[in-house]
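# Close look at the chain arrangement
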Amino acid sequence: MTGPVIDLTGKVALVSGAAGGLGAAVAEAFAAAGARVVLADTDHAGATRTADRIAARSAGTAEAVELDVRDATAWERVTTSIRERHGSWDVLVNNAGVYRKGPIAEMADDEIDLVLDVNLRGTVLGTRAAARSMADGGAIVNISSTAGLAGHRHALVYSATKFGVRGVTRSAALELGERGIRVNAVCPGPIETPMMRADQVDWSAVPLSRAAAPREVAALVTYLASDAAAYCTGGDHTVDGGLSA
Ligand SMILES: NC(=O)c1ccc[n+]([C@@H]2O[C@H](COP(=O)([O-])OP(=O)(O)OC[C@H]3O[C@@H](n4cnc5c(N)ncnc54)[C@H](O)[C@@H]3O)[C@@H](O)[C@H]2O)c1
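Chains are numbered independently. Their residues run from 1 in the order of the written sequence. Residue-level local features of this predicted model are given only where pLDDT is at least 70; pairs of side-chain atoms are given and counted only at 80 or more, and the full residue set underlies all totals for whole chains, interfaces and linings.

Moving on, we come to the environment of Thr48. Only runs of H or I of at least four residues qualify as helices and only runs of E of at least two qualify as strands under DSSP, and these elements are numbered from the N terminus. For Thr48, the position within the fold is in helix H2 (residues 44–57). Working definition of burial: number of other C-beta atoms within 10 Å of the residue's own, with buried at 20 or more, exposed at 12 or fewer, and partly exposed in between, all C-beta atoms being placed from the backbone. Among the residues examined, Thr48 registers 18 C-beta atoms within 10 Å and is labelled partly exposed. Expressed as a C-alpha distance, the spacing of Thr48 and Arg197, which sit 149 residues apart in the sequence, is 26 Å.

With that settled, the discussion passes to the pairing of strand E7 (residues 236–239). Where strand E6 (residues 182–188) meets E7, four bridges bridge the pair, whose relative direction is parallel. If you follow Ala185 over to E7, its bridge partner there is Asp236. If the strands point away from the viewer and the path from the first strand over the helix to the second runs clockwise, then the crossover is right-handed. Handedness of the β-α-β unit built from E6, helix H6 (residues 214–225) and E7 comes out left-handed. One requirement defines pairing of two strands: DSSP has to find at least two bridges between them.

What follows concerns the site of the ligand. Neighbouring residues of the ligand: 30 residues in total, closest Gly17, Gly21, Gly97, Thr193 and Met195. Mapped onto the shell around the ligand, the elements with two or more residues apiece are helix H1 (21–32) and helix H4 (109–133). Put simply, Ala, Val, Leu, Ile, Met, Phe, Trp, Tyr, Cys and Pro go in the nonpolar bin, Asp, Glu, Lys and Arg in the charged bin, and everything else, Gly too, in the polar bin. Residue classes in the shell around the ligand are distributed as 15 nonpolar, 11 polar and four charged. Any residue qualifies as near a molecule or strand once its backbone-derived C-beta atom lies within 6 Å of it.

A few words on the sheet that holds strand E1 (residues 12–16). Reading across from one edge, E3-E2-E1-E4-E5-E6-E7 is the order of the seven strands in this open sheet, with parallel pairing throughout. Here the strands that pair on one side only, and so sit at the sheet edges, are strand E3 (61–66) and E7. Each adjacent strand pair in this sheet contributes to an overall mean axis angle of 20°, direction not counted. Pairing analysis gives four bridges linking strand E4 (residues 91–94) to strand E5 (residues 139–143), with the strands arranged parallel. Paired with Asn94 across the two strands is Asn142, which belongs to E5. Two residues qualify as being in contact provided that their C-beta atoms, derived from the backbone, are within 7 Å of each other. Fitting a line to C-alpha atoms yields each axis, with helices limited to the stretch in contact; the angle taken between N-to-C directions then spans 0 to 180 degrees. Docked against the sheet, helix H5 (residues 156–176) engages E5, E6 and E7, running at close to 160° with respect to E6.

Where burial is concerned, most of E6 is hidden: seven out of the seven residues are buried. Of the two faces of E6, the one holding Arg182, Asn184, Val186 and Pro188 and the one holding Val183, Ala185 and Cys187 are both buried throughout. One ladder, built from five bridges, connects E5 with E6; its direction is parallel. Within E6, the residue paired with Val141 across the bridge is Asn184.

Right under this line is the structure:
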């Protein structure tokens, strides 16, 4: 093999929730590996700023589109437009997510619906969009969590969605394998992003005693999206400083 082991040159990748946080770091890592990256977010202004910053300094290219992952029509519009402009697409990262914390007895209906809809319905709709129009041989990476591997006190709905994301991942891997489309879940522990407040973490449970930088999680996502991971599908891949050990 010649050239870099992790190389996304020539691939078109859609990353949801890419205006900031982990999604922005994934988009940046993909573009650095040579991909053409589409940053999709409800925060279109933020995604545009991030895309412009990435495009200015990367081997690949970056562009922003507006997408609410809860909206089936919006998925259709965005993926049709990508195919019209780029021919096909090869990588999907279902990253958009929201977190709400609190005792289940105190969670409001609209908070429950929001977390279920963005984290789980959004991942299902993204997977369907990929199944309908992604190129054979593509890759889907779904962002779960260590809260999708073990229960999370006072984050019942979030935890349920992240277990669900792993179910989507395995079922999609079974279904799409015959087209060479690989589907993997990444289960991060705490990451330094706007979603995570350091005072919400029990640091004594994390062997490395710190949060991940977004780029440390993005590195695993980039590997799984690349042909270097050609035999990985249907798996849960932790990047959690040892939390789940
Ligand atoms: N931060 C952590 O500690 C941590 C740990 C494990 C897993 N995760 C997961 O990583 C992923 C990214 O989280 P983050 O920490 O970067 O969060 P973040 O809040 O920093 O970023 C989330 C992004 O998703 C976007 N978004 C929200 N709702 C959307 C919707 N309906 N449609 C499209 N975009 C939407 C937001 O605008 C934002 O840009 C999430 O799935 C999260 O559950 C985060």
